[in-house]
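Summary of the model geometry
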Amino acid sequence: MKGSEGMQVYKNSAELIDQIKESYHKFIDEYEGITDDVADERIEQVDKTPREMLSYQVGWINMILSWEKAEAGGEKITTPTPGYKWDQMRELYHDFNIKYGSDGIDNEKEELSSTVDELISWVDKMSHDELFKPGERKWATTKAMWPVAKWIRINAVSPFNNYSRQVRKWKNFNLRDKSTVNS
């Protein structure tokens, strides 16, 4: 169901969890056949490499989980993360690539899988108000006043959906070109 801004609105946490799982699987399934020797190849038709898209997802979901852990522990929360401002996303994404993308694509896929499991577990434990009511978390209280569910939608579900199309496009251009050369 779509809300007034065209943004997905979930009835409950189970619906959100289903969307996380569905979009994650659609995304990660696209990595079939992508190996470390090609994962960093850039093509004109797609703005990120498969490894960069994977690192982006691991980084963002971990960042949201870290905000939640910090708030639960009574710590001061710096968004997006210490050392970065919101206008420094390009630098942050570069650091995601270094932090999460340097141990090989299979390890990064495992890291994403465990991070998504942690995200789902957290969502499953939240009350309806904590998930869907604005202002329930300090880290989610911005001028926009988004509920936690919207943060998850924008930083996990939507990128999974978008990046699954991008990875497929990358594979169609990049891996197809390699098979024609090798034929």
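Above this note sits the structure.
Residues numbered from 1 in each chain as written. Predicted model: local features only at pLDDT ≥ 70, side-chain atom pairs only at ≥ 80, totals over all residues. Heavy atoms only, no water.

1. Concerning the packing of helix 2 (residues 50–72) against helix 4 (residues 105–125)
At their nearest, the axes of helix 2 and helix 4 sit 10 Å apart, and the two run at 35° to each other. Crossing angle aside, the handedness with which helix 2 passes helix 4 is left-handed. Within the contact between the two elements, helix 2 uses Arg51, Leu54, Ser55, Gln57, Val58, Ile61, Asn62, Ile64, Leu65, Glu68 and Lys69 and helix 4 uses Ile105, Glu108, Lys109, Glu111, Leu112, Thr115, Val116, Glu118, Leu119 and Trp122. Class assignment for the residues of the contact of helix 2 with helix 4 results in 10 nonpolar, four polar and seven charged. (Axes fitted to C-alpha atoms, helices over the stretch in contact; angles between N-to-C directions. Helix = DSSP H or I, 4+ residues; strand = E, 2+ residues; numbered from the N terminus. Left-handed = near helix turned anticlockwise from the far one by under 90°. Contact = heavy atoms within 4.5 Å. Nonpolar A, V, L, I, M, F, W, Y, C, P; charged D, E, K, R; others polar.)

2. Concerning the environment of Ser164
Looking at where Ser164 falls in the secondary structure, it is placed in helix 6 (residues 148–182). Expressed as a C-alpha distance, the spacing of Ser164 and Gln88, which sit 76 residues apart in the sequence, is 25 Å. Residues contacting Ser164, with those up to four places away along its chain left out, are Lys26, Phe27, Glu30 and Pro159.

3. A word on the packing of aromatic side chains
Within the structure shown, the criterion is met by 17 aromatic pairs. With a centroid separation of 5.6 Å and an interplanar angle of 65°, the aromatic rings of Tyr24 and Phe160 are classed as edge-to-face. In this pair, Tyr24 sits in helix 1 (residues 13–29) while Phe160 sits in helix 6, placing the two residues 136 residues apart along the sequence. There is no split in this pair, since Tyr24 and Phe160 are both buried. Ring plane angle 70° and centroid distance 5.1 Å describe the contact between Phe27 and Tyr31, whose orientation is recorded as edge-to-face. The same class applies to Phe27 and to Tyr31, which are both buried. An aromatic cluster is present here, built from Tyr56, Trp60, Trp67, Trp86, Tyr93, Phe96, Tyr100, Trp122, Trp139, Trp146, Trp151 and Tyr163 joined pairwise through their rings. (Phe/Tyr/Trp six-rings, centres within 6.5 Å; stacked < 30°, edge-to-face > 60°. Buried < 20%, exposed > 50% of the residue type's maximum accessible area, 1.4 Å probe, protein only.)

Geometric descriptors of this kind do not, in isolation, establish any biological role.
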